[in-house]
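Analysis of the macromolecular model
Here are the chains, one letter per residue:
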Amino acid sequence: MAEIEFIFDFGSPNAYLTQKVLPGMAAEVGATVRHRLCLLGGIFKMTNNQAPMVAFAKIDNKLKYERLEFHRFLERHGLKDFTCNPHFPVTTVLLMRGALAAEEEGKLAPYIEVGLKAMWEEGINMADPEAYVAVMDRHGLDGKHYAERAQEPEIKQRLLENTNAAVARGVFGVPTFFVGEEMFFGKERLGQVIEAAS
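Reference entry: report on the structure contained in this document. Just so we're clear, the structure is a prediction, and the values are computed from it rather than from any experiment. (Residues numbered from 1 in each chain as written. Predicted model: local features only at pLDDT ≥ 70, side-chain atom pairs only at ≥ 80, totals over all residues. Heavy atoms only, no water.)

A few words on the overall build of the protein chain. Broken down by element type, the protein chain carries 10 helices and 4 strands. Along its sequence from the N terminus, the protein chain presents helices and strands in the succession β-α-β-α-α-α-α-α-α-α-α-β-β-α. Against the 2.2 N^0.38 benchmark of 16 Å for 198 residues, the protein chain shows a C-alpha radius of gyration of 16 Å, consistent with a compact globule. Based on the C-alpha atoms only, the size of the protein chain along its principal axes is roughly 40 × 40 × 35 Å. Counting the 198 residues in the protein chain, one finds 45% classified as buried. Partitioning the contacts of the protein chain with sequence separation of at least 6, the portion at a separation of at least 24 is 71%. Surface accessibility of the protein chain: about 10,300 Å² in total, with carbon and sulfur atoms responsible for 51%. (Helix = DSSP H or I, 4+ residues; strand = E, 2+ residues; numbered from the N terminus. Rg over C-alpha atoms; globule rule 2.2 N^0.38 Å. Buried < 20%, exposed > 50% of the residue type's maximum accessible area, 1.4 Å probe, protein only. Contact = heavy atoms within 4.5 Å. Areas by Shrake-Rupley, 256 points an atom, 1.4 Å probe, with all protein chains shown as cover.)

Another point: the packing of helix H1 (residues 13-28) against helix H6 (residues 108-120). The contact between H1 and H6 brings their axes to 10 Å, and the two run at 130 degrees. With respect to H6, the axis of H1 lies oblique. In terms of crossing hand, the pair formed by H1 and H6 is left-handed. Residues Pro 13, Tyr 16 and Gln 19 of H1 form the contact with H6, whose participating residues are Ile 112, Leu 116 and Trp 120. In terms of residue class, the contact of H1 with H6 is built from 5 nonpolar, 1 polar and no charged. (Axes fitted to C-alpha atoms, helices over the stretch in contact; angles between N-to-C directions. Parallel < 35°, antiparallel > 145°, perpendicular 65-115°, else oblique. Left-handed = near helix turned anticlockwise from the far one by under 90°. Nonpolar A, V, L, I, M, F, W, Y, C, P; charged D, E, K, R; others polar.)

Let's shift gears to H1. With 16 residues, H1 should cover 22 Å at 1.5 Å per step; its first-to-last C-alpha distance of 24 Å lies within 8% of that length. On its buried face, H1 sits against strand S1 (3-8), strand S2 (32-37), helix H4 (60-76), H6, strand S3 (176-179) and helix H10 (190-197). For H1, the capping residue at the N-terminal end is Ser 12, with a side-chain oxygen 3.2 Å from the backbone nitrogen of Asn 14. Looking one or two residues past H1, Gly 30 carries a phi angle of roughly 75 degrees, positive in sign. (Expected span 1.5 Å × (residues − 1). Polar contact = N/O pair within 3.5 Å; in protein donor to acceptor, adjacent residues only side chain to side chain.)

Below, the discussion takes up a nonpolar patch on the surface. Taken together, the side chains of Phe 172, Met 183 and Phe 185 present a nonpolar region at the surface, about 220 Å² in accessible area. Inspection of the secondary structure assignment puts Phe 172 in the loop between helix H9 (153-168) and S3. (Patch = residues over 30% accessible without salt bridge, like charges linked within 9 Å, V, L, I, M, F, W, Y side chains within 5 Å. Salt bridge = Lys/Arg side-chain N within 4 Å of Asp/Glu carboxyl O.)

As a further point, take the layout of surface pockets. In this model, the largest pocket occupies a volume close to 1,300 Å³. Along the wall of the largest pocket there are 43 residues; nearest its centre are Pro 13, Asn 14, Ala 51, Pro 52 and Phe 88. Sorting elements by how many residues they give to the lining of the largest pocket places H4 first, with 8 residues. In this structure, the second largest pocket occupies an estimated 210 Å³ of space. Along its surface, the second largest pocket is lined by Met 25, Glu 69, Arg 72, Phe 73, Arg 76, His 77, Lys 187, Glu 188, Arg 189, Leu 190 and Gly 191. The set of elements that each furnish at least two residues to the lining of the second largest pocket consists of H4 and H10. Of the residues forming the lining of the second largest pocket, the biggest block, 4 residues, is contributed by H4. (1 Å grid on protein atoms, 1.4 Å probe; cavity = no way out; pocket = protein on both sides within 12 Å on 5 of 7 lines; lining within 4 Å. Points joined across faces, edges and corners; volume = space filled by probe spheres on them.)

Let us look at the pairing of strand S4 (residues 182-185). Pairing of S3 with S4, which is carried by 4 bridges, proceeds in the antiparallel orientation. In the strand pairing of S4, Thr 176 is matched with Phe 185. (Pairing = 2+ DSSP bridges.)

This part takes up the pattern of salt bridges. Oppositely charged side chains can form a pair if their charged atoms are brought close together. A complete count under the given rule lists 13 salt bridges for this structure. Between Glu 104 and Arg 158 there is a salt bridge, with the nearest N and O atoms lying 2.9 Å from each other. Here Glu 104 is found in helix H5 (residues 93-104), whereas its partner Arg 158 is found in helix H9, with 54 residues between them in sequence. As a salt-bridge pair, Arg 149 and Glu 152 come within 3.0 Å of each other at their nearest N and O atoms. Through salt bridges that share partners, Glu 104, Glu 105, Arg 149, Glu 152 and Arg 158 make up one connected network.

Shown next, in the form of structure tokens:
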């Protein structure tokens, strides 16, 4: 059974879109998806990369096309719940450290679902510790527990190591995927990812 590694951070709206469709696509070809939890801000810093809205700020037609492709993806996959987060860009350090703790405890899947819903459907500032705890509690996860675990030195170190390892493999943004040693970047490459995993 092929494994698709998904370099993941909650801060990317394209990661939200990908998460909505990739698991089902992978299941259709008998592949599994494994999330590699990394800090997008760290990836950007280490690779001198920027978010598209910053990188293409002076290229009006490029930004228009980026928005067009984004809406095409929403329509193609029937994703009606997406909304821009009014706090964007949201610092995701707390969310990502909590995700590592959830992964360790076997609760990563529901944690990801809750975090993405809060970020990209409810427009919540998940960098705010009080909002974070309230959201997690509301969905049956122990917000205080994960907020506390996010401060553990081992968790902090693991997120740093994951991010460094991703960059060492050639990652420069999210979503990035690996099937074996083959790297693919962007939700527009999902067809290629599935083909490689088939």
